[in-house]
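# Close look at the chain arrangement
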Amino acid sequence: MKSLISYTTILIIALLCGLSPLSAQYTLAVNGAFTFGSNTRSLELGNSVVNQQGHYGYQFNLINGYHLKESNFEITSRVGFKHLVSNGDFQQTPFSTETYRLLLGLGGLYHFESKVVVGALFILENNLDFDDFIAQTSDLFRYSFQGEVYYPIWNKLDGFFHYSIALTPLSDHYLVTNPQHQMALGLKYNVL
């Protein structure tokens, strides 16, 4: 965990130092969203099929960025958390799970003249709940790719849609509580 924090800190400092000679406007925003997800394949645990009925929850993010002046491009990062509830049955026994995930993201946004914004990010999140988080365990983190679209609603308020697909790890026991495909609908408030 310490090495991840060190690498992330170095990446952010290098990014900020690399932008200093460029003319860029700092941006700050917060967002909240209803999140829902699904898996595209059947999941098995111990050679028994897991019947999933739904994954839903919410997420909140703090978004930082640098909008390059005289350009439509913005470098963006975010820190947030996600709460997901999953329901289903396993070996004819109903189950319900609840999980919390810390989200870290880095990517870019493109601002169109129509004020619509599209973006792509790489997302890192914990793969295990914090009470199960052991440094010697493999597969501690999930890596995802996220596409997003923002549409201005009013003044500093945007509506948005995110689609996220987990790239790795894709073990069935992780996907029961945190599905591979996730979508979010929500609102973003642009502070700066």
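Here's what I pulled together on the structure shown here. Here the structure is a predicted model, which means the values were calculated and not measured.

Once that is clear, we can look at the overall build of the protein chain. For the protein chain, the helix and strand inventory stands at two helices and nine strands. Listed by position from the N terminus, the elements making up the protein chain come as α-β-β-β-β-β-β-β-β-α-β. A burial count over the protein chain gives 41% of its 192 residues as buried. Across the protein chain, every contact between residues at least 6 apart in sequence was considered, and the portion connecting residues at least 24 apart equals 62%. Carbon and sulfur atoms form 64% of the exposed surface of the protein chain, whose accessible area is close to 10,800 Å².

What follows covers a nonpolar patch on the surface. Residues Val30, Leu62, Tyr189, Val191 and Leu192 make up a contiguous nonpolar surface patch of roughly 420 Å² in combined accessible area. According to the relative accessible area criterion, Val30 is partly exposed, its value standing at 37%.

Attention shifts here to the nonpolar core. One finds Ala29, Ala33, Ile63, Leu109, Val117, Tyr150, Phe160 and Ala184 forming the largest nonpolar core, which totals eight residues. With residues up to four places along the chain from it excluded, the contact list for Ile63 reads Thr27, Leu28, Ala29, Asn31, Thr76, Ser77, Arg78, Tyr150 and Lys188.

Here Thr99 is to be found in strand S5 (residues 93-111). Remark: the alpha-carbon pair of Thr99 and Ser86, spanning 13 residues in sequence, is separated by 8.6 Å. A polar side-chain atom of Thr99 sits 2.6 Å from a polar atom in the side chain of Arg101.

The next thing to look at is the pairing of strand S3 (residues 48-68). Two elements, strand S1 (residues 24-38) and S3, share 14 bridges in a ladder whose sense is antiparallel. If you follow Leu28 over to S3, its bridge partner there is Asn64. As paired elements, strand S2 (residues 43-45) and S3 share three bridges and run antiparallel to each other. Counterpart to Leu45 in the pairing with S3 is Ser48.

Relative to strand S4 (residues 73-90), S3 is paired through 17 bridges, and the arrangement is antiparallel. Of the residues in S4, the one forming a bridge with Asn51 is Asp89. Here S3 hands over to S4 after four residues, with Glu70 in that stretch at a positive phi of 60°. Looking at chain direction, S4 and S5 are connected through 18 bridges and run antiparallel. Counterpart to Phe81 in the pairing with S5 is Leu102. In this antiparallel pair of consecutive strands, S4 and S5, the connection spans two residues, and Gln91 shows a positive phi of 50°.

Here we take up the pattern of salt bridges. Inspection of every chain in the model, using the stated rule, returns two salt bridges. Among the ionic pairs, Arg78 bridges to Glu148, the shortest N-O distance being 3.0 Å. Of this pair, Arg78 sits in strand S4 while Glu148 sits in strand S7 (residues 141-154), and the two are 70 residues apart along the sequence. Glu148 carries the same exposure label as Arg78, and that label is buried. Glu125 is the partner of Lys82 in a salt bridge, and the nearest nitrogen-oxygen pair spans 3.3 Å. With a gap of 43 residues between them, Lys82 in strand S4 and Glu125 in strand S6 (residues 117-126) connect regions that are remote in the sequence. Here Lys82 and Glu125 have matching classes, each one buried.

Attention now goes to the packing of aromatic side chains. Overall, the coordinates contain eight aromatic pairs when judged by the stated rule. One aromatic cluster is present, formed by Tyr58, Phe60 and Phe81 through successive ring pairs. Directly above the ring of Tyr150 sits Lys188, whose terminal nitrogen or CZ lies 4.3 Å from the centroid.

Cut-offs used in this document
- Residues numbered from 1 in each chain as written.
- Predicted model: local features only at pLDDT ≥ 70, side-chain atom pairs only at ≥ 80, totals over all residues.
- Heavy atoms only, no water.
- Helix = DSSP H or I, 4+ residues; strand = E, 2+ residues; numbered from the N terminus.
- Buried < 20%, exposed > 50% of the residue type's maximum accessible area, 1.4 Å probe, protein only.
- Contact = heavy atoms within 4.5 Å.
- Areas by Shrake-Rupley, 256 points an atom, 1.4 Å probe, with all protein chains shown as cover.
- Patch = residues over 30% accessible without salt bridge, like charges linked within 9 Å, V, L, I, M, F, W, Y side chains within 5 Å.
- Salt bridge = Lys/Arg side-chain N within 4 Å of Asp/Glu carboxyl O.
- Core = buried A, V, L, I, M, F, W, Y, C linked by side-chain atoms within 4.5 Å.
- Polar contact = N/O pair within 3.5 Å; in protein donor to acceptor, adjacent residues only side chain to side chain.
- Pairing = 2+ DSSP bridges.
- Phe/Tyr/Trp six-rings, centres within 6.5 Å; stacked < 30°, edge-to-face > 60°.
- Lys NZ or Arg CZ within 6 Å of the ring centre and 35° of its normal.

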